[in-house]
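Structural overview
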Amino acid sequence: MDSARSRDSARLDRFLAHAMGISRTDGQRLVRRGHVTVDGELASNPSAHVSKTAFVEVNGKEVALPGRTVLVFHKPAGFISATRDERERTVIDALPRDLAPALTCELLLVGRLDKDATGLLILTNDGALVHRLTHPKRHVPRTYALTWEGTLVPDAVARVQAGLPIDEGDVCLPAELVIDDANHGHMTMHQGMFHQVKRMIAALGGVVTRLHRISFGPIVLGDLPQGAVRILTEAEVATLLASAVPAA
Ligand code: URA
């Protein structure tokens, strides 16, 4: 099969052959000898179909189909986190013009940033990677630099650390709030509920006026200029995946 990626699923032995550059027979052997897991489960049937978003590992190391690209993008404000929209400009519209159109139209978002938020957004053409990094049972730490108006409650840091109840009955996982001064700080959290940081700061008495993501797992925005992208190396992707640890 020439393009396992372009289908919704592929036979496991074909997937392995395509991803690892080995024969299907060798792929079958790896499965039968118990070297292969799919989404964390030991695989036993080489002809079973695996979905496009399955996470396949051989001896505990991820194997990905060739052609995977993972980008870090410095999102400017004013663009929504979607790949297409009838009315609003999306982050795809904000990407540099010189990115290959064939890649651009395949890109998926790893999580979201609000329209008014800025900073680090990861994009990839690998659905399995998106699934792995955004699965609610896998907690990738992400850090935001924040500015807020208003005065936070005195025990804001402790409340965030304890697991903050916010609106609509949601209770956040324990997170870390570092207060730099009366209106600035950093929040590191391990989940990504809708408008979560803004809702957390609201529950503490403030209103977020600037939200800027500076890291996602081990990947940091650094001095990447706004509107620019950087392609992650395979080594960086491996560290990113390693940060997506299953919840305790
Ligand atoms: N939390 C928010 O409130 N907004 C974002 O864009 C990301 C996290």
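All values derive from a computational prediction rather than experimental measurement. (Residues numbered from 1 in each chain as written. Predicted model: local features only at pLDDT ≥ 70, side-chain atom pairs only at ≥ 80, totals over all residues. Heavy atoms only, no water.)

So, the site of the ligand
Near the ligand, the surroundings consist of Leu 113, Asp 114, Ala 117, Tyr 144, His 195, Gln 196, Val 197, Lys 198 and Leu 211. Here an oxygen atom of the ligand sits 2.7 Å away from a polar atom, N or O, in the main chain of Asp 114. At 3.1 Å from a nitrogen atom of the ligand is found a main-chain nitrogen or oxygen belonging to Val 197. Compared with its free state, where it exposes 240 Å², the ligand has 95% of that area covered by protein. By residue number, the principal contributor to the shell around the ligand is helix α7 (residues 196-203), which donates three residues. The class makeup of the residues in the shell around the ligand is five nonpolar, two polar and two charged. Each of two domains, domain 2 (70-137 + 218-242) and domain 3 (142-216), supplies a minimum of three residues to the shell around the ligand. (Near = heavy atom within 4 Å. Polar contact = N/O pair within 3.5 Å; in protein donor to acceptor, adjacent residues only side chain to side chain. Areas by Shrake-Rupley, 256 points an atom, 1.4 Å probe, with all protein chains shown as cover. Helix = DSSP H or I, 4+ residues; strand = E, 2+ residues; numbered from the N terminus. Nonpolar A, V, L, I, M, F, W, Y, C, P; charged D, E, K, R; others polar. Domains from an automatic or database assignment.)

Quick notes on the domain arrangement of the protein chain
Per the domain assignment, the segments making up the protein chain are domain 1 (3-63), domain 2 (70-137 + 218-242) and domain 3 (142-216). Here the C-alpha centroids of domain 1 and domain 3 sit 41 Å apart.

Here's the deal with helix α5 (residues 127-134)
Taking burial as the measure, the eight residues of α5 include six buried ones, the bulk of the element. Buried within α5 we find Gly 127, Ala 128, Leu 129, Val 130, Arg 132 and Leu 133. Of the residues flanking the start of α5, the one acting as N-cap is Asp 126, its side-chain oxygen 2.9 Å from the backbone nitrogen of Ala 128. (Buried < 20%, exposed > 50% of the residue type's maximum accessible area, 1.4 Å probe, protein only.)

Looking at the sheet that holds strand β6 (residues 61-62)
Strand order across the open sheet formed by four strands is β3-β2-β5-β6, with antiparallel pairing between neighbours. Unpaired on one side and paired on the other, β3 (41-42) and β6 mark the two borders of the sheet. As defined by bridge partners, strand β2 (residues 36-38) adjoins β3 across two bridges and the pair is classed as antiparallel. If you follow Thr 37 over to β3, its bridge partner there is Leu 42. (Pairing = 2+ DSSP bridges.)

Section: the pattern of salt bridges
Scanning the entire structure with this criterion turns up 13 salt bridges. Here Asp 13 makes a salt bridge to Arg 24, at a shortest N to O gap of 3.7 Å. Of this pair, Asp 13 sits in helix α1 (residues 12-20) while Arg 24 sits in helix α2 (residues 24-32), placing them eleven residues apart in sequence. Classification of Asp 13 as buried rests on a relative accessible area of 0%. Across the pair Arg 159 and Asp 155 runs a salt bridge whose closest N-O atoms are separated by 3.2 Å. The exposure class assigned to Arg 159 is partly exposed, which follows from its relative accessible area of 34%. Judged by relative accessible area, Asp 155 falls into the partly exposed class, the value being 36%. A single salt-bridge network, built from bridges that share partners, covers Glu 62, Arg 68, Asp 126 and Glu 234. (Salt bridge = Lys/Arg side-chain N within 4 Å of Asp/Glu carboxyl O.)

Description of the packing of aromatic side chains
Following the criterion strictly, the structure yields zero aromatic pairs and no others. Positioned over the ring face of Phe 55 is Arg 132, at 3.6 Å from the centre of the ring. (Phe/Tyr/Trp six-rings, centres within 6.5 Å; stacked < 30°, edge-to-face > 60°. Lys NZ or Arg CZ within 6 Å of the ring centre and 35° of its normal.)

So, unusual backbone geometry
Among all residues except glycine, the phi angle is most often negative; among peptide bonds, the trans geometry is most common. For Asn 59, which is not glycine, the phi torsion reads 50° and is therefore positive. Inspection of the secondary structure assignment puts Asn 59 in the loop between β5 (56-58) and β6. Classification of Asn 59 by relative accessible area gives exposed; the value is 54%. Its identity as a non-glycine residue notwithstanding, His 195 has a phi of 50°, on the positive side. Inspection of the secondary structure assignment puts His 195 in the loop between β13 (184-189) and α7.

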